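Commentary on secondary and tertiary structure
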Amino acid sequence: MRTVFAGTPLFALPALEALVKAGYDIPGVLTQPDRPAGRGRRLTPSAVKTRASVLGIPVYTPEDGAQAETVVRALAPDVVVVVAYGLLLPPSLLAIPAHGCLNIHASLLPRWRGAAPIARAIEAGDAETGVTIMRLDAGLDTGPMLARAVLAIGPSDTSERLADRLAHVGAETLLPVLDALRQGRPVKEIAQPPTGATYARKLRKDEGVIDWRRDALALERQIRAFTPWPGVRTLIGGAPVKIGAGHLVDAPGAAEPGVVLEVRPELVIATGHGALAVSSLQAANARMQPAGVFLQAHPLRIGDRIG
């Protein structure tokens, strides 16, 4: 079965690797064009482009849906597998393959349709998430579901850790669906329920600015949800500092939000409700460090205010 793969970030790699290992005929891979990255803003290929090139699979980088359609028509696939591609596919493209375009979406649809389902699930305090194999239609993650897998969200899961687990679960969930299509066996499709839909809006850099007036639980979720990007930041001594990890603790006394309550072994900060123990921090142009190491170079005292 000729299978075109469309994906861009690391999240898409387990699915691509699974297709190759299972012996699917992959005449081409679509991915986003090279983008500036790093401090030097040098043009950098996507994770999928890099891996596909190593695997010897032709790579295409269309700039828009019309160009993508031209590529897919030329490749004449039986199915297109889409995993975090980052480009909206026009209905005319979706109609090209006989088996349609199948998407691995990192949520239990219809919850968290949209661009950032993993981060939004953590931010909202969801107890579980998962992956949905769906057939793409003209809507935003509204197509019928072919398979689902549920995954618990752990108390220490960041978006990065959870994405890694979901990527592998997604690949494992996809293969039985494709195998059934390849063997001509029926695959049951279930329409998404009309209720329970939520939208996972794209992450913005300004969402990483921490507001100590919020309660500690919300801030702890914010840190996990926005790691690694956009990261959570505050001001210490007037300079921006990134917070790498934190957890809830009992507040040792009452204080205004943003006031330092303890400095060893972790930096404990008062919030709008409760306290947050910050265990790792990163100053500008430095590495992420344990709080104790950070405080040796950036000393704080109980009663100081940050933010």
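Here, every reference points to the structure presented above.
Quick look at the structure, then. Nothing here was measured: the structure is a model prediction, and the numbers come from that model.

Generally speaking, soluble globular proteins have nonpolar side chains that are buried together. Judged by nonpolar contacts, the single largest core of 69 residues is most densely connected at Phe-5, Leu-19, Leu-178, Trp-212 and Leu-267. Of the residues forming this core, the biggest block, 11 residues, is contributed by helix H6 (residues 159-182). Grouped together as the second largest cluster of nonpolar side chains are 19 residues, Ala-6, Leu-30, Val-71 and Leu-94 included.

As for its placement among the helices and strands, Ala-167 is situated in helix H6. Considered as a pair, Ala-167 and Gly-196 are 29 residues apart in the sequence and their alpha carbons are 24 Å apart. Excluding residues that lie within four positions of it along the chain, Ala-167 makes contacts with Phe-11 and Pro-14.

Attention now goes to the sheet that holds strand S6 (residues 79-83). Paired through backbone hydrogen bonds, the strands of a sheet run either parallel or antiparallel to each other. The sheet built from 7 strands is open, its strands ordered S5-S2-S1-S6-S7-S9-S10 with mixed pairing. Pairing within the sheet leaves two strands with one partner each, and these edge strands are strand S5 (59-60) and strand S10 (145-152). Two elements, strand S1 (residues 3-7) and strand S2 (residues 29-30), share 2 bridges in a ladder whose sense is parallel. Residue Ala-6 lies in a different strand from S2, and its bridge partner there is Leu-30.

The next thing to look at is the side chain of Thr-8. Looking at the element boundaries, Thr-8 is found in the loop between S1 and helix H1 (13-21). Look at Thr-8 and you get buried, because its relative accessible area is 15%. Within polar-contact distance, the side chain of Thr-8 engages the backbone oxygen of Tyr-85 at 2.8 Å. With near-sequence residues (within four places) excluded, Thr-8 lies in contact with Thr-31, Gln-32, Ser-46, Ala-47, Val-48, Val-83, Ala-84 and Tyr-85.

This part is about unusual backbone geometry. In this structure, Pro-228 follows Thr-227 across a cis peptide bond, with omega equal to 20°. Examined against the element boundaries, Pro-228 turns out to sit in the loop between helix H7 (216-225) and strand S12 (232-236). Here the amide bond leading from Arg-264 into Pro-265 is cis, since omega sits at -5°, within 30 degrees of zero. Structurally, Pro-265 can be placed in the loop between strand S14 (260-262) and strand S15 (267-270). A positive phi is found at Ala-84, a non-glycine position, where the angle reads about 50°. Residue position: Ala-84 is located in the loop between S6 and helix H4 (91-94).

Definitions and cut-offs
- Residues numbered from 1 in each chain as written.
- Predicted model: local features only at pLDDT ≥ 70, side-chain atom pairs only at ≥ 80, totals over all residues.
- Heavy atoms only, no water.
- Core = buried A, V, L, I, M, F, W, Y, C linked by side-chain atoms within 4.5 Å.
- Buried < 20%, exposed > 50% of the residue type's maximum accessible area, 1.4 Å probe, protein only.
- Helix = DSSP H or I, 4+ residues; strand = E, 2+ residues; numbered from the N terminus.
- Contact = heavy atoms within 4.5 Å.
- Pairing = 2+ DSSP bridges.
- Polar contact = N/O pair within 3.5 Å; in protein donor to acceptor, adjacent residues only side chain to side chain.

Purely geometric numbers; function is a separate question.
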